[in-house]
Amino acid sequence: METKKTGRLPGWLRHAWHWLACILLLAVCITALQRTMQDNYTGQWQVNGFLAQPKNSLDVVFFGSSNMYRTVRPQQLLEETGLKGWNFGASSQFFSATGLYLETALKHQSPRVAVVEVMSLPEPAENTNREMLYWSLTPLPLSAEKLDFLWQYFQGDLQQIIPYVCNLYQFHSRWESVDLAEQQATREQKEEEFLQSRGYRTSEEIAKVYRKELETADELPAENVAQLERMAQLCQKNGVELVLFKSPNSDWSRKNSRKVARLAQQMGIPYLDYNTPELEQAIGLDYEHDFCDDVHVNVWGAEKVTRDLGEYLQQNYFAE
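Residues numbered from 1 in each chain as written. Predicted model: local features only at pLDDT ≥ 70, side-chain atom pairs only at ≥ 80, totals over all residues. Heavy atoms only, no water.

(A) Structural detail: helix α4 (residues 74-81). When we look at burial in α4, the residues that qualify are P74, Q76, L77 and T81. Taken down its axis, α4 places every buried residue within 155° of arc, on the same side. Directly after α4, the chain includes G82, whose backbone phi takes a positive value near 85°. (Buried < 20%, exposed > 50% of the residue type's maximum accessible area, 1.4 Å probe, protein only. Helix = DSSP H or I, 4+ residues; strand = E, 2+ residues; numbered from the N terminus. Arc of directions from axis to C-beta.)

(B) Spotlight on the pattern of salt bridges. Going through the model one piece at a time under the given rule, you end up with 9 salt bridges. Linking R73 and E303 is a salt bridge whose minimum nitrogen-to-oxygen distance equals 3.9 Å. On the criterion of sequence distance, the pair formed by R73 in the loop between α3 (66-69) and α4 and E303 in helix α13 (residues 299-317) is long-range, its members being 230 residues apart. Between E145 and K107 there is a salt bridge, and its shortest N-O distance comes to 3.4 Å. Remark: K107 occurs in the loop between α5 (95-106) and β3 (113-117) and E145 occurs in helix α7 (residues 144-153); sequence separation between them is 38 residues. We classify E145 as buried; its relative accessible area is 18%. Residues participating in the shared-partner salt-bridge network are K212, D251 and D294. (Salt bridge = Lys/Arg side-chain N within 4 Å of Asp/Glu carboxyl O.)

(C) Quick look at the packing of aromatic side chains. What the rule picks out here adds up to 12 aromatic pairs. An angle of 80° between the planes, with centres 5.1 Å apart, marks the rings of Y153 and F154 as edge-to-face. When its relative accessible area of 26% is taken as the criterion, Y153 is described as partly exposed. Taking 5.1 Å as the distance between ring centres and 20° as the angle between the ring planes, the aromatic pair formed by Y287 and F291 counts as stacked. When its relative accessible area of 16% is taken as the criterion, Y287 is described as buried. Judged by its relative accessible area of 0%, F291 falls in the buried class. (Phe/Tyr/Trp six-rings, centres within 6.5 Å; stacked < 30°, edge-to-face > 60°.)

Structure below.
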């Protein structure tokens, strides 16, 4: 019997493989260089730490801005309840970006519960500035979800999209001045700290604050309400329970509390607001001791909130 000889790949196919290999190698090099050149800041450490977690290893993931990652202590949650969680947030995270973080998280994890901080829910999209875009979008790795978000957010304007696709563009002004060895050492140290705290950033500063009733709009922005509806649908599709959460914040108005509570009730989503007199009293929140500034609790305030939140999660979602 004659053995059929296998010929060489057609020339065009060999060239295609060569080009594909070059493109993949270039992508790997750019990704590594971007990681080296990036600023060392909280959002980057949290994202890197989250993506380093074993797949489908988390029970609960927390989303939002610094109001979330400076309030909930996942390591304390683990010690007191056995629940594995991670603070997957970013400074100044605007509400539509929270939706992108949720999409990204569910590609890597299948948590029972997603807890979303609502500080940015009453903020209209036009209040989102360049700094907020930078802090929120830069830490996330390039993905189909991120590209789709950028295309829709910037309405196809490539000039605005490119800096968030290729981060080297944002850092070109300091290519010559950055100390790569020092940058890498700092990153490794900080990422290790955030791995230990599971995305929580602590503060032992004490600031005496008082509750203020700032003026707010009568209605929540329609685009943010629509975003919350999409997030609820995404959670339902993936079998994830969605919980809305508001950390203690002396600038958060009672009016905002009522607006979010009304929306949550209409959508059938649980909402825990630690700015209501009932929950403030329940956890013993002290405005003279438990804050590090007007909008963030310190480690003692975070301990109180985390303990109460952990009990709620355990009783309502993990009581087996």
